[in-house]
Amino acid sequence: MTKLTAAITVHSLEQALTAAARAAELGADLVEFRIDTFADDPKAVTELVQRSALPCIITCRPTWEGGAYDGDEQTRISLLEHAGIGPRKPVYIDLELIAYQKSANLRQKISLVVDDPDRPRQTDTGLILSSHDFDGRPNDLLRKVKEMADTPLCRVVKVAWHARSLRDNLEAFELIRQQVKPMVALCMGECGLASRVLAKKFGALLTFASIDEEEGTAPGQPTLGEIKGLYRWDALDSDTRVFGVIGHPVGHSMSPPVHNAGFDAAGVNGVYLPMPVPPEYEHFKATVSSWIAQPGLHFGGASVTIPHKENLLRFVKERGGAGGEVEPLAERIGAANTLHVRDDGSLYACNTDYAAALDAVCDGLSIQRDGLAGRRVAVIGAGGAARAVVAGFAHYGARVTVYNRTTEKAQALAEQFEATAAPLAELSGSEADVYINCTPIGMHPNVDASPFDIINHQSESTHSLGPGVVVFDTIYNPVQTRLLRTAAEAGCATIPGTEMFVRQAAAQFKLWTGKDAPCDVFRDVLAAHLTNKQS
Ligand code: NAP
């Protein structure tokens, strides 16, 4: 079973022991004590091993391998020897392949401390041979892995490198799949998260996590709380299906907490990860193709956000025939936000944004989609969100008017979907059954703004907000925008942007899992997330 290992930088004996106790509370199986800057007190290293709340790895990483130890090798060896002096031994000692190969003295000394197949004796300590590259995948990665595996004293092979793209993770998975000795293969940086979380799925010996955000020992290391809570560590196994949100950037996305909580609540064996992919189509294509093709990954699909919504359509269309199907309305909109990799390997791309907006408004009006025919819908904005909304409402026969600051954009959008275009100022005299704000006006931090304020500056407002009218703001931060508060005061039914978010995610969930999404769980997670963001 893959060990969840808390990485602890040792500053003092008591600090490190407290951190180890905390790691145990947070559910770690193992700790790695990084004694790089703790070189003055070898006896304290012995005591650290004896008193640690969890079994431990001892590592003293030199500066030339990305660590902080800048003393001589003699002192370093002495520190490692002290780690193994007491009755309780470290489970592993980690040493860099380069150091091991370079020094016969170090090889001889370390062979006295760790388990040696040629010299059976009483020690429980295994040798991890490791190699790190903080710039990218080293050209001689495979050679290094082989040399480590071929070293008789080496019990565990560990490689870590900075991931340049999501594809690096796949090589880490392959190394673990093909292991001849227990293996740790991790990618550092934002793109390497999958290798850390999915280490368990592929059967790595261990993965590292930090106790909190400040304490990480490598770039991209998640916290114990994130890996256990957000990324469902305890539920992961070799059959876990993998999903994610593809975008650039995706660090801010609320989809991982929402979908992972949904998998928990619905008992789905899945995990959902952020998937940062640079904007160009070639990156999108190469990443998605390779993730789909990766043996044992069970990549089931993704939410796709800016700037890849058009790329997704193109990608699935290029697959063509039985290999790829695009929802017709997504094709008309020119953007898809959902990829489903079906069990037979074929792909399906669709747009759950428009469906979410339609259903949120239909619920507000207490009607089915067919009941939208003939209703007057005022859409404010003519960007990406407006496009999906206009297409959806026009498709069901609503009489849509697009109001936008740049009139030409409103005209172009309206022409494509048989809607009407109007300058933003005309919103003040408008009469509609439904108003939908698809601009960022009123979004955090400009929470005192409202699209109707802008109109009021230009002319006297006579817009028809009142009972029977539905006002839907696609903004979800804040949940209750100025527009929604004004509309509610005027007696309108109001719908916050969180409803669109929840419903588009719910439609994805249903597509991927075949189960109804736990929408109340989605709403709670989203609310908590948004509250945290604002505090
Ligand atoms: P977009 O493509 O950049 O379009 C923005 C639109 O807003 C454009 O029509 C733009 O007018 C207009 N606009 C921007 N600033 C304005 C201002 N100060 N005054 C008047 N008009 C202004 O953005 P988008 O992707 O469509 O997103 C728009 C909104 O939808 C965002 O606030 C986002 O939060 C929301 N959204 C919500 C969800 C959800 O799930 N709830 C999903 C997607 C989007 P011009 O054409 O004149 O530039």
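This is a predicted model, so every value here is computed, not measured.

What counts, and at which threshold
- Within every chain, residues take consecutive numbers counted from 1 along the sequence as written.
- Where totals are concerned, whole chains, interfaces and linings use all residues; where local detail is concerned, this predicted model gives features only for residues with pLDDT of at least 70, and gives and counts side-chain atom pairs only at 80 or more.
- Only hydrogens and water are set aside when side-chain values are computed; all heavy atoms of the structure are taken into account.
- For two strands to count as paired, DSSP must find a minimum of two bridges between them.
- Only runs of H or I of at least four residues qualify as helices and only runs of E of at least two qualify as strands under DSSP, and these elements are numbered from the N terminus.
- Axes, fitted as lines to C-alpha atoms, cover a helix only where it is in contact. Angles between the N-to-C directions of the axes lie from 0 to 180 degrees.
- Classification of residues uses two cut-offs on accessible area relative to the type maximum, computed with a 1.4 Å probe and protein chains only: under 20% is buried, over 50% is exposed, and between them is partly exposed.
- Every crossover in which the path from the first strand over the helix to the second runs clockwise, viewed with the strands pointing away from the viewer, is termed right-handed.
- Crossing handedness: left-handed means the near helix sits turned counterclockwise from the far one by under a right angle, and right-handed means the same turn made clockwise.
- Residues count as neighbours in contact if any of their non-hydrogen atoms are within 4.5 Å of one another.
- Note that Gly is not counted as nonpolar here; it falls among the polar residues with everything else outside the nonpolar set of Ala, Val, Leu, Ile, Met, Phe, Trp, Tyr, Cys and Pro and the charged set of Asp, Glu, Lys and Arg.

K.L.:
Quick rundown of the sheet that holds strand S18 (residues 434-437)? Include the residues and the values.
P.N.:
Taken in spatial order, the 6 strands of this open sheet run S17-S16-S15-S18-S19-S20, and their pairing is parallel. Here the strands that pair on one side only, and so sit at the sheet edges, are strand S17 (420-423) and strand S20 (493-495). When strand polarity is set aside, the average angle formed by the axes of neighbouring strands in this sheet is 20°. With 5 bridges connecting them, strand S15 (residues 376-380) and strand S16 (residues 399-404) associate as parallel partners. Pairing of Ile380 across the sheet is with Tyr403, part of S16.

K.L.:
Any details on the pairing of strand S6 (residues 154-162)? Residues and values, ideally.
P.N.:
Among the 9 residues in S6, 7 count as buried, and that is most of the element. Relative to S6, strand S5 (residues 126-133) runs parallel, the two being bridged by 7 bridges. Within S6, the position partnered with Leu127 by the bridge is Cys154. Where S6 lies against strand S7 (residues 183-188), 6 bridges are found, and the strand directions are parallel. Each bridged residue has a counterpart across the sheet, and for Val159 the counterpart in S7 is Ala185. With helix H7 (residues 167-177) bridging S6 and the parallel S7, this β-α-β connection has right-handed handedness.

K.L.:
Go over the packing of helix H2 (residues 42-51) against helix H3 (residues 73-83) with me, naming the residues and quoting the values.
P.N.:
For the pair H2 and H3, the least separation of the axes is 7 Å and the interaxial angle reads 35°. The two elements H2 and H3 cross, and the hand of that crossing is right-handed. Taken together, the residues of H3 that come into contact with H2 (itself represented by Pro42, Lys43, Val45, Thr46 and Val49) are Leu79, His82 and Ala83. Looking at the contact of H2 with H3, its residues break down into 5 nonpolar, 2 polar and 1 charged.

K.L.:
Tell me what's going on with the sheet that holds strand S14 (residues 347-350), and back it up with residues and numbers.
P.N.:
In space, the 6 strands of this open sheet follow the order S10-S9-S11-S13-S14-S12, with mixed pairing throughout. Whereas interior strands pair on both sides, the edge strands pair on one side only; in this sheet they are strand S10 (270-276) and strand S12 (324-326). Strand-to-strand twist across the sheet, computed as the mean angle between neighbouring axes with direction ignored, equals 20°. In terms of strand pairing, S12 meets S14 through 3 bridges, oriented parallel. By the bridge assignment for S14, Glu325 is matched with Tyr348.

Read these as geometric descriptors, not functional statements.
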